[in-house]
Structures are given as structure tokens and as C-alpha cells.
Amino acid sequence: METSSIRYPKPLILMVDDVPRNLQVLGSILKQEDCEIAIATNGKQALNFVENILPDLILLDVMMPEIDGFEVCKRLKQDKRTENIPIIFLTAKTDSDSIVQGFNLGAVDYVTKPFKGVELLARVKTHLKLKRTENQLRELIATKDKFFSIVAHDLKNPFNTFLMGSEYLLTRFHKLSEEKILKYIGSINDSANRLFDLLTNLLQWARSQTGRIQYKPGDFDLSSVSLQIISILAESAKEKKLEILSKLEKPTLVHADENMISTVIRNLVSNAIKFTEKGQIKISSEEKKDFLEISISDTGTGLSEEDIKKLFRIDVHYTTIGTSSEKGTGLGLILCKEFVEVNGGKIWVESELGKGSIFKFTLPKI
């Protein structure tokens, strides 16, 4: 993956102050930094804001009505979701006790008013850079943990089936009925297919992490790619009495990396097969203003709200059992997210437990 293809969102800075003039001055200074700005005029607003959106940095006043800045900082640092957000106190309280209290509560910096705009901007840039570095380190650690989890657990299980099944056949072949022999061969074959899918995803994911997958966008017909994937997965679907339909118009033209998007669709359809029994899987699309929205829907087991939150995350080990006891690692969905985002799109899921799922992702139109 070429470095130039990685798209970082603009950092979000939350400014918290009960004086509108202060917010106006801060806003004019931060406009010099390539960032998004959000505003809260009191501590309660700030806490409500972070319930829904996590900023990359908070500029926090101390002296505010109802909930002061020290209390806001304390609550944020006590919450696992928000404890890593860097906080810079920006206040007229210049006594040493207040400064020490601010740092003891977990603030990364303490700037007293009146401040110099150039100095404040330099501090903001420094802490945003440190935050990004910290995020990258956390992701690297999570990536390493995910890798070892897969190697230690998910690769081990299929190999155990191979070893036990083949050993059983080898030592008792002449005593077994044809029916039992076929049963063990079927089990070994299932493990082989599972292992092949896992290794394919693992190798692609490892290559994406080391920058060995080149992003090569071009114009191609998504409907043709989908039909090829359907033909490859048709046998797996037939075994579970499933019908896979492509509702894509011919041609459905998009501008993206064909190999990456083929991997995305294959993984999403394979997942749909895993969690659906005697139903239908449908690939469809809807044209939006500047992009195409592709959907892979199924009539399967569906997902709870709690499970939806765990999807596409490298730092959460999420795995579930399919309707025919198929096992997975969640790695396929992580790979899907990376490939879709490299191609300038977004991916998400809409699901209800017991009623099926719709995985959706977007791609640029030609």
C-alpha cells in the first residue's frame, strides 16, 4: 500500500469556555491549523459532546458554572472511552496549586491567560502530533496481538482436525464403514477450506500492514466481478440451500483497485453464507451523488447492537460460530475496512438479531 494512498481525517479539537469572546479568539487562532473545531460553552455540554464524538484534543477552561474544568477533566480521565484524549487547560488561574492540580488530574499541558497565539498553536500542534503517534502505536500493538491470536488459536484448530482426522483414518481405515470414512474426509475437507480462507486473508492483511500491497485504482465493471465471486462460492451456498443473487446492473462501473474490492465482496459474501441457512444473499447497489453504495444483504442470524460495535476493530477479538459451526477470526472484516478506506470509501453494517444483516460500503463513481 503506497503511503500516498493513506487518508488521515482532520483532527477534531473541542474548545470549552463559557465566554463567547474567548471561543472566538481561540477559533481564529486554530483556523491556522488544518483541523475541525467543535465548541462547548460549559462543562455539561463538553461531557455530552464526548458521549457521541471523541475529539483528538480538548482545550478546557477551568472557571465555569455548574461543572468546572477540573471536574470535567477528572470525569474524562475516569472513563475508559475518553481517558486517552489529551487535555490542555486554558485558564486565568495562574497559582501554582491550580497548575499542579491540573497536571495531577491528567492534563498534558497548562496554558495561562492571557496567552500568545503563536505559542498556543505550537503547543496544539505538538500534542496533536503526539496523539497521532500514540494512536499509531496502539494500533501497532493491537495488530501484533491480533496476529498472534490468530496464529495461536485460529490456525491451531484446523490443523488439529487435520491431524486427528488423518490419524484416525490411518490407524482404523480397514475397520471403518464407507459412511464413516466419508464423514472424516468431509471434516478434513471443511478444515482445509477454512484454513485456506484464513491463510488468504492473513497473507493479504500481513502484506497490507507491511506496505507490500500496491494501490492500483482503475475503472472496472463491478457486476462482472460479483458474478465471478458468486460462481466461486456457489458450491458453499448450495450446501446450505442458499441462493446468491446479483442485482447489479450490467455494467456497474466504479473507479477503485479491482483486486482489493474483489477481496471485500468475497469476504462479505462468504460471511453471509456462514451466518445464513436456507435463505437468500443479495448483492445490490444504489447510486448517490458522487459515489456508489454497494450492499450485501442476507436473511441470516443477524447481529446484536453490542456485536456491531465490535466489528471492523483490530483491538477487539471478535469471533462467532456460523449456522453450520463454521469458525472465523473477524480478520476478513478488518481487511474489508482497510481496503474500502484505501479506495476512498466507508463501510458499515445494518443488522437486527434474528432478521439478517446488510453490509454496505461506498466507492467513487467514474
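You'll find the structure just up there.
Since the structure is predicted, the reported quantities are computational estimates derived from the model, not experimental observations.

Calculation criteria
Residues numbered from 1 in each chain as written. Predicted model: local features only at pLDDT ≥ 70, side-chain atom pairs only at ≥ 80, totals over all residues. Heavy atoms only, no water. Helix = DSSP H or I, 4+ residues; strand = E, 2+ residues; numbered from the N terminus. Expected span 1.5 Å × (residues − 1). Bend = angle between axes of the 7 residues up to and from the residue. Buried < 20%, exposed > 50% of the residue type's maximum accessible area, 1.4 Å probe, protein only. Contact = heavy atoms within 4.5 Å. Pairing = 2+ DSSP bridges. Axes fitted to C-alpha atoms, helices over the stretch in contact; angles between N-to-C directions.

Caption draft 1: Just helix H8 (residues 222-239), in detail. Its 18 residues place the ends of H8 26 Å apart at the C-alpha level, agreeing with the 26 Å of an ideal helix rising 1.5 Å per residue. Most pronounced at leucine 233, the bend in H8 amounts to some 50°. Listed in full, the buried residues belonging to H8 are Leu222, Ser223, Val225, Ser226, Ile229, Ile230, Leu233 and Ala237. Of the surrounding elements, those touching the buried residues of H8 are strand E6 (218-221), strand E7 (243-246), strand E8 (253-256), helix H9 (258-274), strand E9 (280-287) and strand E10 (291-298). Two residues or fewer after H8 comes lysine 241, characterised by a positive phi angle close to 55°.

Caption draft 2: Representation of unusual backbone geometry. With an omega of -5°, the peptide bond between lysine 113 and proline 114 qualifies as cis. When you line up the elements, proline 114 lands in the loop between strand E5 (109-112) and helix H5 (117-154). Of note, the amide linkage connecting lysine 250 to proline 251 takes the cis form, showing an omega dihedral of -5°. Among the secondary structure elements, proline 251 is positioned in the loop between E7 and E8. The phi dihedral of glutamate 66 falls on the positive side, at around 65°, and the residue is not glycine. Structurally, the position occupied by glutamate 66 is in the loop between strand E3 (57-60) and helix H3 (69-78). On the basis of relative accessible area, glutamate 66 is assigned to the exposed category, the value being 79%. Located in the positive-phi region is lysine 241, a residue other than glycine, with phi close to 55°. With respect to the helices and strands, the residue lysine 241 is situated in the loop between H8 and E7. Residue lysine 241 is classed as exposed on the basis of its relative accessible area, which comes to 58%.

Caption draft 3: Region of interest: the sheet that holds strand E2 (residues 36-40). Read from one edge of the open sheet, five strands run E2-E1-E3-E4-E5, paired in parallel fashion. Only two strands of the sheet have a single partner each, and these edge strands are E2 and E5. With direction set aside, neighbouring strand axes in the sheet form an average angle of 20°. On the sheet, helix H2 (residues 43-52) packs against strand E1 (12-16), E2 and E3 and is oriented at approximately 160° with respect to E1. In this fold helix H4 (residues 96-104) packs onto strand E4 (87-91) and E5, with an angle of close to 150° to the strand it touches most, E5.

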